[in-house]
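So the chains spell out like this:
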Amino acid sequence: MSEIIDRIPTFSVSQYVGFINNLTAAVPVLVEGEISNFRDIPGRNFCYFDIKDKNAVAKCFQGFWHSKKVALENGATVKIFGNPTLQKNGSLVIDVREVFLIGDGALRKQYQELKERLEKEGLFGLEFKKEIPIFPISIGLIAGKNSSAYHDVVTEISERWGNVEIFFHGVKVQGINARKEIVQAIRYFNRRQTVDVLIVARGGGSMEDLQAFDSEDVVREIFASKIPTISAIGHEDHWTLADFVADVRAKTPTKAAQIAVPDRDAISDQLDFFSTRVKGLVQAKLSEAKINVNTLNDKLRTKIEDKLARIRQDIKFQQESLTVIVKKNIEDKRNRLENLCKMLGALNPESILKRGYGVVQKKGKRITDIDEVKVGDEISVRLQNGEIRSKIQEVRSI
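Residues numbered from 1 in each chain as written. Predicted model: local features only at pLDDT ≥ 70, side-chain atom pairs only at ≥ 80, totals over all residues. Heavy atoms only, no water.

### With respect to the packing of aromatic side chains
This is how it is decided: Working definition: rings of Phe, Tyr and Trp (its six-membered ring) pair if their centres are within 6.5 Å, and the pair is stacked with planes under 30 degrees apart, edge-to-face with planes over 60 apart, and tilted otherwise. By the criteria applied, helices consist of DSSP H or I runs no shorter than four residues and strands consist of E runs no shorter than two, each listed in order from the N terminus. Each residue gets one of three labels from its accessible area relative to the maximum for its type: buried under 20%, exposed over 50%, partly exposed in between, using a 1.4 Å probe on protein chains only.
Counted under the stated rule, the structure contains 9 aromatic pairs. Relative to Phe168, the ring of Tyr150 lies with its centre 4.4 Å away and its plane at 55 degrees, an arrangement referred to as tilted. Placement of Tyr150 in helix 5 (residues 148-160) and of Phe168 in strand 7 (residues 165-170) is noted, with a sequence separation of 18 residues between them. Here Tyr150 falls in the partly exposed class, since its relative accessible area comes to 22%. You can call Phe168 partly exposed: its relative accessible area is 33%. With centroids separated by 5.3 Å and ring planes inclined at 70 degrees, the aromatic side chains of Tyr188 and Phe189 adopt a geometry described as edge-to-face. A relative accessible area of 28% means that Tyr188 is categorised as partly exposed. Classification of Phe189 as buried rests on a relative accessible area of 1%. Ring-pair connections join several aromatic residues into one group, and the members of that group are Phe124, Trp239 and Phe244.

This is the structure in structure tokens:
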């Protein structure tokens, strides 16, 4: 025995607590029981409570980011998911990660309270609903892996339309991590922006089974989605909160596929109907147009002939009027030109010189004022037929 003890490592108390917690961290537990001794610490981001049955009690601790998802109260029957943790004071506490209500009464109460709160915030308002595209090129599908909902949607889309690409993101649709995986899937499609419409589907279930689709996380993520979303939870009588916030609610996954894509045969029948109708309308319009064209041709021919006759008459009149105007303009121009020639002749310096006038210059500059010369300056006087050079002997004003 001493040899065995010698081979066993010795722990300090702190090391022992850490050792136990490392072991339990890898062993999550799911415990069902009734909540008692619930304590929500004011101003702190956590709460304490006990979970019990007839024979035992386990202490529980839950952080704020987890506790806000489900409203806890004494007497509620729940399933809790978490890890056993040994506290430094020696107490064994379950560190709760998720809480699932059990029983329709508790679920309905939580459902109604959350529905009223979200409705007051406006998350279900019609003004936020996005239209589903008529002819989507690609569709995102969020459903359980290998689920009937997945097969129903894919089969119906292929048979109904076919000309569309489906991107599938498999998730858990109930139980532990279902809410988290659904939220992550919606975010995945919104980040990639590769699909025209998003279908969130599940093949029905009890209210307890559908808790993930009544959770606040999922509802807010659908509301925030930029992609038009169809909810197809597959329960005709019960509307989940995801149904209220989605842009369109389908009663079943098959119905969601019918909403997402048009019916190929119906479209073909409509095209045939409209094609036949258009051909008939076109033929009738062509016949009517032919009659109208012949009538218009006759009317147009008569109008054109009348118009041409009036134009010829107008042209003849305009030619005669233009001839008179041109002749008058020519005569007026000739008279004006003769008058201008006479005026130019009168202003010609040569003509002025012929009348006995002369041009006085001093050093090549024309003199127009007596102040420009003085006694003794040499000047020249240009006359009609020559030039006189002289010297000023006197300057006198007149």
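### Here we look at the nonpolar core
This is how the line gets drawn: The term nonpolar core refers to a set of buried residues drawn from Ala, Val, Leu, Ile, Met, Phe, Trp, Tyr and Cys, joined through side-chain atoms within 4.5 Å. What makes two residues a contact is simply this: any of their non-hydrogen atoms within 4.5 Å.
Residues Phe49, Val78, Ile80, Ile142 and Phe213 are the most contacted members of the largest nonpolar core, which totals 44 residues. At the level of elements, strand 2 (46-52), strand 4 (77-86), strand 5 (92-101), helix 4 (104-121), helix 6 (178-192), strand 8 (197-201), helix 7 (216-224) and helix 8 (241-245) are the ones that each hand at least two residues to this core. Per element, the largest residue contribution to this core is 6 residues, and it comes from helix 6. Ignoring sequence-local partners within four residues, the contact set of Ile80 consists of Val29, Leu30, Val31, Phe49, Ile51, Cys60, Ile94, Val96, Glu98 and Val99. Among the nonpolar cores identified, the runner-up in size contains 19 residues, and Ala143, Ile157, Trp161 and Ala260 belong to it.

### Here's the deal with the layout of surface pockets
Short version of the rule: Every definition here rests on a 1 Å grid over the protein atoms only: cavities are sets of points where a 1.4 Å probe fits but cannot get out, pockets are open sets enclosed by protein on both sides within 12 Å along at least five of seven lines, and lining residues have some atom within 4 Å of a point. Grid points are joined across faces, edges and corners, and a volume is the space filled by probe spheres set on the points. When residues are grouped by polarity, Ala, Val, Leu, Ile, Met, Phe, Trp, Tyr, Cys and Pro land in nonpolar, Asp, Glu, Lys and Arg in charged, and all others, Gly among them, in polar.
Space inside the largest pocket adds up to approximately 320 Å³. In this structure, the largest pocket is lined by 20 residues; those nearest its centre are Phe100, Gly175, Glu208, Asp209 and Gln211. Of all the elements in the fold, those that place two or more residues in the lining of the largest pocket are strand 5, helix 4 and helix 6. Broken down by element, the lining of the largest pocket gets its largest block of residues, 3 residues, from helix 4. Tallied by class, residues from the lining of the largest pocket come to 9 nonpolar, 5 polar and 6 charged.

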